[in-house]
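Residue-level structural notes
Here is how the chains run, residue by residue.
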Amino acid sequence: MCPACEDFARTVLLLGQLALYADMDGADLDFVEVVSPALAVSLPEPPPGMFPDDSDGASAGPGDS
């Protein structure tokens, strides 16, 4: 796996694990509140080829040109 792919996958995994932790009884929600945005900001751009191309020319979302 390429280094960029590993970094992206690791960060997504950590975000998922943090979400599961937040749903547990007794979870430290202050910790979740601090760490969640930090992980989200550190999420790198997805490596090329991670998601299918938009080959039909349709807009991917609001504000896309």
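Read on for an overview of the structure. The numbering scheme is per chain: residues are counted from 1 as the chain's sequence reads. Local features in this predicted model are restricted to residues whose pLDDT is 70 or higher, and side-chain atom pairs enter the listing and the counts only when it is 80 or higher, whereas totals over whole chains, interfaces and linings include all residues. Based on all heavy atoms of the structure, the side-chain values leave hydrogens and waters out of the count.

1. Topic: the packing of helix α1 (residues 3–22) against helix α2 (residues 29–42)
Convention adopted: a line fitted to C-alpha atoms gives each axis, helices being fitted over their contacting stretch, and angles between N-to-C directions are expressed from 0 to 180 degrees. Note on conventions: DSSP H or I runs of at least 4 residues are helices, E runs of at least 2 residues are strands, and numbering of each starts at the N terminus. It is at 10 Å that the axes of α1 and α2 come closest, and there the two elements cross at 160 degrees. Regarding the angle of α1 to α2, the classification is roughly antiparallel. Pair α1 / α2 crosses with left-handed handedness. Only L29, F31, V32, V35, S36, L39, A40 and S42 of α2 make contact with α1, whose side of the interface consists of T11, L14, L15, L18, Y21 and A22. Among the residues making up the contact of α1 with α2, the classes are represented as 11 nonpolar, 3 polar and no charged. Every angle not falling under 35 degrees, over 145, or within 65 to 115 is termed oblique; those three ranges are roughly parallel, roughly antiparallel and roughly perpendicular. Throughout, a crossing is termed right-handed when the near helix is turned clockwise from the far one, and left-handed when it is turned anticlockwise from it by less than a right angle. Note on contacts: a residue pair is in contact if any heavy atoms of the two residues lie within 4.5 Å. Only Asp, Glu, Lys and Arg are considered charged, only Ala, Val, Leu, Ile, Met, Phe, Trp, Tyr, Cys and Pro nonpolar, and every remaining residue, Gly among them, polar.

2. With respect to the environment of A40
Mapped onto the elements of the fold, A40 is located in helix α2. Accessibility expressed as a relative area gives 42% for A40, which makes it partly exposed. When the C-alpha atoms of A40 and L15 are compared, they prove to be 7.5 Å apart, with 25 residues separating the residues in sequence. A 1.4 Å probe rolled over the protein chains alone gives each residue an accessible area, and that area as a share of the maximum for its type sets the label: buried under 20%, exposed over 50%, partly exposed in between.

3. Quick notes on α1
When the terminal C-alpha atoms of α1 are compared, their 29 Å separation across 20 residues agrees well with the 28 Å that a helix rising 1.5 Å per residue should span. All of the buried residues along α1 are C5, F8, T11 and L18. In an axial view of α1, the angular spread of the buried residues amounts to 165 degrees, which keeps them on one side of the axis. Away from the buried face of α1 by more than 90 degrees, exposed residues P3 and L20 are located. Along its buried surface, α1 packs onto α2. Multiplying 1.5 Å by the helix residue count minus one yields the expected span of that helix. Arc definition: it is the arc formed by the directions from the helix axis to the C-beta atoms.

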